[in-house]
Amino acid sequence: MRYLFRAALIALLPFTAHAEDVAGEFDYYVLALSWSPTWCSLTGDERDAEQCDPERDTDFIVHGLWPQYEDGWPQDCRTQERDPSRRESATMADIMGSGGLAWYQWQKHGRCSGLSAHGYYDAIREAAKRAPIPEVFDDLDRDISLPPSVVEDAFIEANPELTRDGITVTCRDRSLQEVRICLTREFEPRDCATDAREDCSMPKILMEQVR
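Here we summarise the structure given alongside this text. Everything numeric in this text was worked out from a predicted model, so none of it was measured.

To continue, consider the overall build of the protein. Helices and strands together make up the secondary structure of the protein, namely 7 helices and 6 strands. Element order for the protein, N to C, with α for helix and β for strand: α-β-α-β-α-α-α-α-β-α-β-β-β. Across the 211 residues that make up the protein, the buried fraction comes to 44%. Taking as baseline every contact in the protein between residues at least 6 positions apart, the subset at least 24 positions apart corresponds to 76%. Once the 23 positive and 40 negative side-chain charges of the protein are each reduced to a mean point, those two points are 7 Å apart.

Judged by nonpolar contacts, the single largest core of 41 residues is most densely connected at Leu 65, Ile 124, Val 151, Phe 155, Val 179, Ile 181 and Met 207. With sequence-adjacent residues up to four places away left out, Ile 181 is seen in contact with Tyr 29, Val 30, Leu 31, Leu 33, Ala 131, Phe 155, Leu 162, Gly 166 and Ile 167.

We now examine the layout of surface pockets. Approximately 390 Å³ is the volume attributed to the largest pocket. Lining the largest pocket are 19 residues, and of these Trp 39, Arg 47, Gln 51, His 63 and Leu 101 sit closest to its centre. Its residues placed into classes, the lining of the largest pocket shows 7 nonpolar, 8 polar and 4 charged. Of the voids in this model, the second largest pocket is the one considered here, and its volume is about 310 Å³. As for the second largest pocket, its lining consists of 15 residues, of which Trp 66, Gln 68, Trp 73, His 109 and Arg 180 are closest to the centre. Looking at the lining of the second largest pocket, the elements with two or more residues in it are β2 (60-68) and α5 (99-108). Per-element tally for the lining of the second largest pocket: the top contributor is β2, with 4 residues. In terms of residue class, the lining of the second largest pocket is built from 6 nonpolar, 5 polar and 4 charged.

Definitions and cut-offs
- Residues numbered from 1 in each chain as written.
- Predicted model: local features only at pLDDT ≥ 70, side-chain atom pairs only at ≥ 80, totals over all residues.
- Heavy atoms only, no water.
- Helix = DSSP H or I, 4+ residues; strand = E, 2+ residues; numbered from the N terminus.
- Buried < 20%, exposed > 50% of the residue type's maximum accessible area, 1.4 Å probe, protein only.
- Contact = heavy atoms within 4.5 Å.
- Lys, Arg positive; Asp, Glu negative; His and termini not counted.
- Charge placed at Lys NZ, Arg CZ, Asp CG, Glu CD.
- Core = buried A, V, L, I, M, F, W, Y, C linked by side-chain atoms within 4.5 Å.
- 1 Å grid on protein atoms, 1.4 Å probe; cavity = no way out; pocket = protein on both sides within 12 Å on 5 of 7 lines; lining within 4 Å.
- Points joined across faces, edges and corners; volume = space filled by probe spheres on them.
- Nonpolar A, V, L, I, M, F, W, Y, C, P; charged D, E, K, R; others polar.

What follows is the structure in structure tokens.
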């Protein structure tokens, strides 16, 4: 009886075990743009984070460039590529807020891209270049409250190839958290898979002024 149970269990393993994520095997990217004033108010100020220095006037930063499947996403993949140096990561602070965030994103998501660390950091810059920030949000000098759909409208106006299914606005504590834009592996706009569409359900969200 014990032998039969073990044989049955082994037979089931190929169907129940989760396949290991493989570097380079994914379908598209999500470019996550974080509204820095919200993160600073809720988290960064207490940490004395460098991106929250008032002299930096930080608005949107690149939170990450995330490889995605059509259902789900890979993370923490094994790769033969070497990790970036602290200096290499620090060069990403201008668009990611800090070298620490760049390093963390490489560990969790970049290793799954199949790119080298240098290639992944270049891909982040290219993706951000392909999805420009609406000028209306540049150096925002006062707090504003607006529907999430208006944030979408502004991004679609600045990026005419975007569709409403290709952009997601998220919120946290009634404030704008992130704008997430779906891109092909060649950094062209595309619709997000169903599981990546998590629009904020609040009627209005706060965008704190840049400081």
